[in-house]
Amino acid sequence: MSRAVKPGGTHRLVPSPAGRTHLVEQGTGSLVLLVHGFPESWYSWRHQLAALAEAGYRAVAVDVRGYGRSSKPHGVAAYRMLELVEDNVAVVHALGAETAIIIGHDWGSSIAANSALVRPEVFTAVGLLSVPYAPRGGPRPSEVFARMGGEEEFYVSYFQKPGRAEAEIEPDVRGWLAGFYAALSGDTMPAPGMPDPHFATRGGTLRERFPTGPLPFWLTQDDLDAYAGEFERTGMSTALNRYRNMDRDWEDLAPWDAAPILAPSVFIGGALDASTTWLTEAIDAYPVTLPGLASSHLLDGCGHWIQQERAHEVNEILTGWLASLS
């Protein structure tokens, strides 16, 4: 049984291009910026803040623009990747630093990777959790995702139309989140051969395929309350807008087509996570795409929510890697 965690740290609001960025910081030393994914918040790093602080770092977990207490600019295009990169740069400077190590999970992994790619003078090393780095290139993303669905609809395509996913999620945010977390967690995900929760039937909903049993072992009722409370307050649109900018990102990042990330890096994924099983070619390409890679880890039996499912292992890997950078 997972034990409820009461996260420590100091909450702050700092100016950023979004307007303001909410963050939680703990510890002193070199700055380590932690960037969450969907549908999460700074809270997904609750197990890492204290561990990194104890190891001698200034750990800072942000709410990405559109989430939690950070600003929520109007318009879908305000959530394109280059805007999020500049938010991260602004946070580093607002905290009185010139450089930082950046670590991200899920969408945060992509945000961290692009921060190190586009602003290497600020982000001197990058840690990627769950989602491998794959350089910009190939066809327009919307075309790729449309083909993935076949007779069904891939979840990224499902999220594209403003208001559609919101209509599914917002009547019962807590219940939807519980099902989504369970669907991608190593201990509660559907068994092999069961309908894949990453796809919806045409005209159906994603939730139809979510597990309805117990919560994942790592998610307490208090944890679920923390996540649900934020999304019940903010709504889901500004978080979902990240998915609605993938074609814009593809256009914006054209100057970095096929570009490697040269900064020192580390990758940690879950062996049961679709993000790693679908993207094995991206992981295999790391000698070319991440020439500064120190190590790559796949944790057996682990799903998508890696820093929560395997907090101790992730903390050990991250603190060991950080120590090797000194």
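Refer to the structure above for everything that follows.
A short tour of the structure in this document, coming up. Please read all numbers here as calculations on a predicted model, not as lab measurements.

1. Some details on the layout of surface pockets
Counted as a void, the largest pocket has a volume near 1,400 Å³. Looking at the largest pocket, it is lined by 47 residues, and the ones nearest its centre are V131, A134, F145, M246 and L279. Counting only elements with at least two residues in the lining of the largest pocket, the list comes to α3 (107–118), α4 (141–149), α5 (155–158), α10 (246–252), α11 (274–277) and α12 (280–284). A total of six residues in the lining of the largest pocket trace back to one element, the largest contributor, which is α3. Here the residues of the lining of the largest pocket are counted per class, giving 33 nonpolar, eight polar and six charged. The computed volume of the second largest pocket comes to approximately 340 Å³. What lines the second largest pocket is a set of 19 residues, and nearest its centre among them are M189, P190, D196, H198 and L272. Its residues placed into classes, the lining of the second largest pocket shows 13 nonpolar, four polar and two charged.

2. A closer look at the pairing of strand β9 (residues 265–270)
By the criterion of burial, β9 is predominantly enclosed, with six of the six residues buried. A two-sided burial pattern is seen for β9, the buried positions comprising S265, F267 and G269 on one face and V266, I268 and G270 on the other. When strand β6 (residues 123–129) meets β9, the two strands line up parallel, connected through four bridges. Looking at the pairing, G127 lines up with V266 of β9. Note: β9 against strand β10 (residues 293–299), six bridges, orientation parallel.

Reading the values: rules and limits
- Residues numbered from 1 in each chain as written.
- Predicted model: local features only at pLDDT ≥ 70, side-chain atom pairs only at ≥ 80, totals over all residues.
- Heavy atoms only, no water.
- 1 Å grid on protein atoms, 1.4 Å probe; cavity = no way out; pocket = protein on both sides within 12 Å on 5 of 7 lines; lining within 4 Å.
- Points joined across faces, edges and corners; volume = space filled by probe spheres on them.
- Helix = DSSP H or I, 4+ residues; strand = E, 2+ residues; numbered from the N terminus.
- Nonpolar A, V, L, I, M, F, W, Y, C, P; charged D, E, K, R; others polar.
- Buried < 20%, exposed > 50% of the residue type's maximum accessible area, 1.4 Å probe, protein only.
- Pairing = 2+ DSSP bridges.

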